[in-house]
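Analysis of the macromolecular model
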Amino acid sequence: QLQLVESGGGLVQPGGSLRLSCATSGFTLDYYAIGWFRQAPGKEREGVSCISSSDGSTYYVDSVKGRFTISRDNAKNTVYLQMNSLEPEDTAVYYCAAENARFSLCTIREGPYDYWGQGTQVTVSS
C-alpha cells in the first residue's frame, strides 16, 4: 500500500511560520516526485509546490515564491514544506501527493498525481 500522511498544520498568526511534513511509505520515494496542494473554502484545489525525484529541482506557484520552501529527505521517506511569512490567504487544507516521475521534472498540475494524503489544516489568523 502506498501511503502519504501529512502533519504539522495548525493555527498561526500572520507573518508566522509552519513546517508541514509528508511521511511516505509503501514505495521508494527516490523514484517519485512530490507535490504540495491546497484547497481553501469555496475554491478548487491548487498546486503550490513540487520537488522532482531525479535531481531535486523545485517549482513554486507565484503566490508562494520566496515564502515557501520544499525539501525532501529520502532516507526518512519524508518531504517537507517550510512556510514562512504566512498570510490569511494561505489558509487551506494542505495535501501532499506522489507521482511516479523518476526522469521528468515535477509539475503542480493535479492530473499526474496518483497518491494523496488526507490533508492537514493550516489556518492563518490574528
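This is a predicted model, so every value here is computed, not measured.

Here's the deal with the overall build of the chain
- Tallying secondary structure elements over the chain gives zero helices and eleven strands in all.
- When the helices and strands of the chain are listed from N to C terminus, the series reads β-β-β-β-β-β-β-β-β-β-β.
- Rg of the C-alpha trace for the chain: 13 Å, near the compact-globule value of 14 Å for 126 residues, within the 12% margin.
- C-alpha extents for the chain along the principal axes are approximately 40 × 25 × 25 Å.
- The 126 residues of the chain split such that 45% are buried.
- A separation threshold of at least 6 residues defines the contact pool for the chain, and within that pool the share at least 24 residues apart is 63%.
- If you sum the accessible surface of the chain, you get close to 6300 Å²; carbon and sulfur atoms cover 45% of it.
- Across the chain, the centroid of the 10 positively charged side chains sits 3 Å from that of the 13 negatively charged ones.

Brief notes about the pattern of salt bridges
- Under the defined criterion, the tally for this structure stands at five salt bridges.
- Residue arginine 38 pairs with glutamate 46 through a salt bridge whose shortest N-O separation is 2.9 Å.
- Among the residues examined, arginine 38 registers a relative accessible area of 6% and is labelled buried.
- Among the ionic pairs, arginine 67 bridges to aspartate 90, the shortest N-O distance being 2.8 Å. Placement of the pair is arginine 67 in the loop between strand 6 (58–60) and strand 7 (68–73) and aspartate 90 in the loop between strand 8 (78–83) and strand 9 (92–99), with a sequence separation of 23 residues. Comparing arginine 67 with aspartate 90, the two get one shared label, buried.
- Taken together, the shared-partner salt bridges connect Arg38, Glu46, Arg67 and Asp90 into one network.

Quick word on the state of the cysteines
- This structure, assessed with the given rule, holds two disulfides.
- Put simply, cysteine 22 and cysteine 96 are joined by a disulfide, and their sulfur atoms are 2.1 Å apart. Between cysteine 22 and cysteine 96 the disulfide shows an S-S torsion of about 70 degrees. By sign, it is right-handed. Placement of cysteine 22 in strand 3 (residues 18–25) and of cysteine 96 in strand 9 is noted, with a sequence separation of 74 residues between them.
- Looking at the chain, its bonded cysteines, counted consecutively from the start of the sequence, adopt the pairing 1-3, 2-4.

Quick notes on the rules
Residues numbered from 1 in each chain as written. Predicted model: local features only at pLDDT ≥ 70, side-chain atom pairs only at ≥ 80, totals over all residues. Heavy atoms only, no water. Helix = DSSP H or I, 4+ residues; strand = E, 2+ residues; numbered from the N terminus. Rg over C-alpha atoms; globule rule 2.2 N^0.38 Å. Buried < 20%, exposed > 50% of the residue type's maximum accessible area, 1.4 Å probe, protein only. Contact = heavy atoms within 4.5 Å. Areas by Shrake-Rupley, 256 points an atom, 1.4 Å probe, with all protein chains shown as cover. Lys, Arg positive; Asp, Glu negative; His and termini not counted. Charge placed at Lys NZ, Arg CZ, Asp CG, Glu CD. Salt bridge = Lys/Arg side-chain N within 4 Å of Asp/Glu carboxyl O. Disulfide = S-S within 2.5 Å.

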